[in-house]
Amino acid sequence: MQKHSLKKPTLIRCSTLLMCASILGLFANSNNGFFMAGGYISFWLMTFFFALELFVIRTFQCSKYCIIGIVFCISVLCSGLTCIVKSNILELGQLVTFLVFAAAFVEIGVYPFRKKEVNAILICCIVSGLILSFLVITQKAIYHNDITRRSYSVFDHGMLDPNFLSSFIVFCSFISAHYFLKNKYNLLNVIAILLMVYAIFLTGSRAAFLYLGIGYLFALIEFVRINKQNAGRVFTILCFAFVVLAIGGYIVYTRYSDSFARFFLNIRDYVSDGSNQKRLHHWITALRAILRAPLLGHGTTNEAIILNDMISDTSHNTFLSFYIRLGLIGMISFLLIIGNLMADARKKKNIFIGGIILGFIVNIFIIPATMSYVTWIPMMVILIMLKFET
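Caption draft 1: Looking closely at the overall build of the protein. Assigned secondary structure in the protein consists of 15 helices and 2 strands. Buried residues in the protein amount to 53% of all 390 residues. Considering only contacts in the protein between residues 6 or more positions apart, those separated by 24 or more positions represent 76%.

Caption draft 2: View of the packing of helix H14 (residues 351–366) against helix H15 (residues 373–387). For the pair H14 and H15, interaxial distance at closest approach is 12 Å and the crossing angle is 165 degrees. As judged from the angle between their axes, H14 and H15 are roughly antiparallel. With respect to the hand of their crossing, H14 and H15 are arranged in left-handed fashion. Contacts between H14 and H15 involve Ile353, Ile356, Ile357, Phe360, Asn363 and Ile364 on the former and, on the latter, Val374, Thr375, Pro378, Met379, Ile382, Met385 and Leu386. Partitioning the contact of H14 with H15 into residue classes produces 11 nonpolar, 2 polar and no charged.

Caption draft 3: How the structure looks around unusual backbone geometry. The backbone phi angle of Ser87 is positive, close to 60 degrees, even though this residue is not glycine. Structurally, Ser87 is set in the loop between helix H3 (64–86) and helix H4 (92–110). A positive phi angle is found at Lys349, which is not glycine, with a value near 55 degrees. Topologically, Lys349 is positioned in the loop between helix H13 (318–347) and H14. By relative accessible area, which is 66% here, Lys349 ends up exposed.

Caption draft 4: Geometry of the packing of aromatic side chains. Taken as a whole, this structure holds 23 aromatic pairs when the rule is applied. A centroid spacing of 5.9 Å and a plane angle of 85 degrees characterise the contact between Phe174 and Phe352, whose relative ring orientation is edge-to-face. Remark: Phe352 occurs in helix H14 and Phe174 occurs in helix H6 (residues 162–181); sequence separation between them is 178 residues. With relative accessibility at 2%, the residue Phe352 sits in the buried group. Where Phe201 meets Phe209, the ring centres are 6.2 Å apart and the plane angle is 75 degrees; that geometry is what we call edge-to-face. Feature note: the residues Phe43, Tyr65, Phe72, Phe98, Phe101, Phe105, Trp283, Phe319, Phe322, Phe334, Phe365 and Trp376 constitute an aromatic cluster, connected by ring pairs.

Caption draft 5: Quick look at the pattern of salt bridges. Scanning the model with the defined rule gives 3 salt bridges in all. When the shortest N-O distance is used, the salt bridge between Glu303 and Arg325 registers 2.9 Å. Here Arg325 lies in helix H13 and Glu303 lies in helix H12 (residues 303–307), a separation of 22 residues in the sequence. Overall, the relative accessible area of 6% leaves Glu303 in the buried class.

Caption draft 6: Quick look at the layout of surface pockets. Roughly 1300 Å³ of internal volume is contained in the largest pocket. Taken together, 32 residues line the largest pocket, and the ones lying closest to its centre are Leu194, Val197, Ala241, Val244 and Leu245. Secondary structure elements with two or more residues in the lining of the largest pocket: H6, helix H7 (186–203), helix H8 (206–226), helix H9 (231–255) and helix H10 (257–264). The greatest single-element share of the lining of the largest pocket, amounting to 11 residues, is contributed by H9. Taken together, the residues that form the lining of the largest pocket break down as 29 nonpolar, 3 polar and no charged.

Caption draft 7: Here's a closer look at helix H5 (residues 115–139). Taking 1.5 Å per residue as the helical rise, H5 with its 25 residues ought to reach 36 Å, and the 36 Å between its terminal C-alpha atoms agrees with that figure. After H5 finishes, the residue Lys140 shows a positive phi value of roughly 55 degrees.

Caption draft 8: The arrangement of the side chain of Ser133 in detail. Along the chain, Ser133 turns up in helix H5. Reaching out from Ser133, the side chain makes a polar contact with the backbone oxygen of Gly129 at a distance of 2.7 Å. Residue contacts for Ser133: discarding those within four places in its chain leaves Ile169, Leu195, Met196 and Ala199.

Caption draft 9: View of a nonpolar patch on the surface. Together, Phe242, Val243, Ile247, Tyr250 and Ile251 make up an exposed nonpolar region whose accessible area comes to about 550 Å². Its location among the elements puts Phe242 in helix H9.

Caption draft 10: Representation of the packing of H4 against H15 in the model. At a minimum axis distance of 10 Å, the contact between H4 and H15 shows a crossing angle of 5 degrees. One way to sum up the angle between H4 and H15 is to call them roughly parallel. Of H15, the residues touching H4 (which contributes Phe101, Ala102, Ala104, Phe105, Ile108 and Gly109) are Tyr373, Trp376, Met379, Met380, Leu383, Ile384 and Lys387. Considered class by class, the residues forming the contact of H4 with H15 number 11 nonpolar, 1 polar and 1 charged.

Caption draft 11: Quick peek at the environment of Met342. Among the secondary structure elements, Met342 is positioned in helix H13. Look at Met342 and you get partly exposed, because its relative accessible area is 27%. It is 5.9 Å that separates the C-alpha atoms of Met342 and Gly354, two residues lying 12 residues apart in sequence. If we ignore the near neighbours within four places in the chain, the residues touching Met342 are Gly354, Ile357, Leu358 and Ile361.

Caption draft 12: Here's a closer look at the environment of Ser128. With respect to the element layout, Ser128 can be found in helix H5. C-alpha separation for the pair Ser128 and Leu24, spaced 104 residues apart in sequence, amounts to 4.9 Å. Residues within four places of Ser128 in sequence aside, it is in contact with Ile23, Leu24, Leu26 and Phe168. Within polar-contact distance, the side chain of Ser128 engages the backbone oxygen of Ile23 at 2.8 Å.

Each value, and the rule that gives it
Residues numbered from 1 in each chain as written. Predicted model: local features only at pLDDT ≥ 70, side-chain atom pairs only at ≥ 80, totals over all residues. Heavy atoms only, no water. Helix = DSSP H or I, 4+ residues; strand = E, 2+ residues; numbered from the N terminus. Buried < 20%, exposed > 50% of the residue type's maximum accessible area, 1.4 Å probe, protein only. Contact = heavy atoms within 4.5 Å. Axes fitted to C-alpha atoms, helices over the stretch in contact; angles between N-to-C directions. Parallel < 35°, antiparallel > 145°, perpendicular 65-115°, else oblique. Left-handed = near helix turned anticlockwise from the far one by under 90°. Nonpolar A, V, L, I, M, F, W, Y, C, P; charged D, E, K, R; others polar. Phe/Tyr/Trp six-rings, centres within 6.5 Å; stacked < 30°, edge-to-face > 60°. Salt bridge = Lys/Arg side-chain N within 4 Å of Asp/Glu carboxyl O. 1 Å grid on protein atoms, 1.4 Å probe; cavity = no way out; pocket = protein on both sides within 12 Å on 5 of 7 lines; lining within 4 Å. Points joined across faces, edges and corners; volume = space filled by probe spheres on them. Expected span 1.5 Å × (residues − 1). Polar contact = N/O pair within 3.5 Å; in protein donor to acceptor, adjacent residues only side chain to side chain. Patch = residues over 30% accessible without salt bridge, like charges linked within 9 Å, V, L, I, M, F, W, Y side chains within 5 Å. Areas by Shrake-Rupley, 256 points an atom, 1.4 Å probe, with all protein chains shown as cover.

Below, the structure is given as structure tokens:
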């Protein structure tokens, strides 16, 4: 990690604390414009303080993520102009949200974090995941009268989308697994992982379970690689994991039969919350919308209006949503961000982070999270993990 002389070290703490506050404050989220204009104040302040501190230290180096992020910002500005030219409804909240997220990602890509700051951010991810899991487990709130899906509500906000909620909890559980692989706080991290996995199941999100399975498969590979000289520890952990899966599977099958059916039996049915067939319909409808504006997209406007379909009010796919709004340049720049994260994980020979990124790709391919903490905060945290030793 590079050393930088900081003229005002107290400001470093401000930006880190604000990022931690943004992550911890996710429990107060709602479905109604979480990061939209006038929304999540600590994230806005975090972005401002990162910019201020980078101006003060003036020793940072431009990175590939900085260049890609700037290109992404240009595509967002172009999408706003596209709305005006095509007389589409310009949703200013979308445009500003994209710019704030992209600006924060660029700043984090060049920011000289300290090791303690990185650990503070990662621990806050774990705590945030536990808070979200606690609320899901204790509130027992049913999402949209669907007995197979749990969520929660605070401060009279709307209930969180279970797909978004569970996807972020999955990522937080991976941070616990990261510390477990580092042989730190093993018992606490095992308990945290079990609680978060239980909450994830209660949300009924199949996308999140795919994400979970892919990530922990690579975590297992990384664990075996790290402990290849300690066969006894590997055997003990594998036995423990098998017992937990067996007991958990039995409890799920007997106590949560409706949820079990939703996960494994009803996936072919044309159900209201998104079966294989319905998702395929969303994707085909989105592709048709893309073909109508393959270069510039339709701008930062209402996706439901653009799709103009009786069934589909969303593409149900983050990549397609990016293309619909931001056009070819926005789509390519977003793919370059993910591709470079994967390339850096491979370069550093970090199997687990590579698995997290692969699971992340599968997850956002199934849910529409262009302007959500589900997409942007994990990308920022993964970038921090790849840049600095923790």
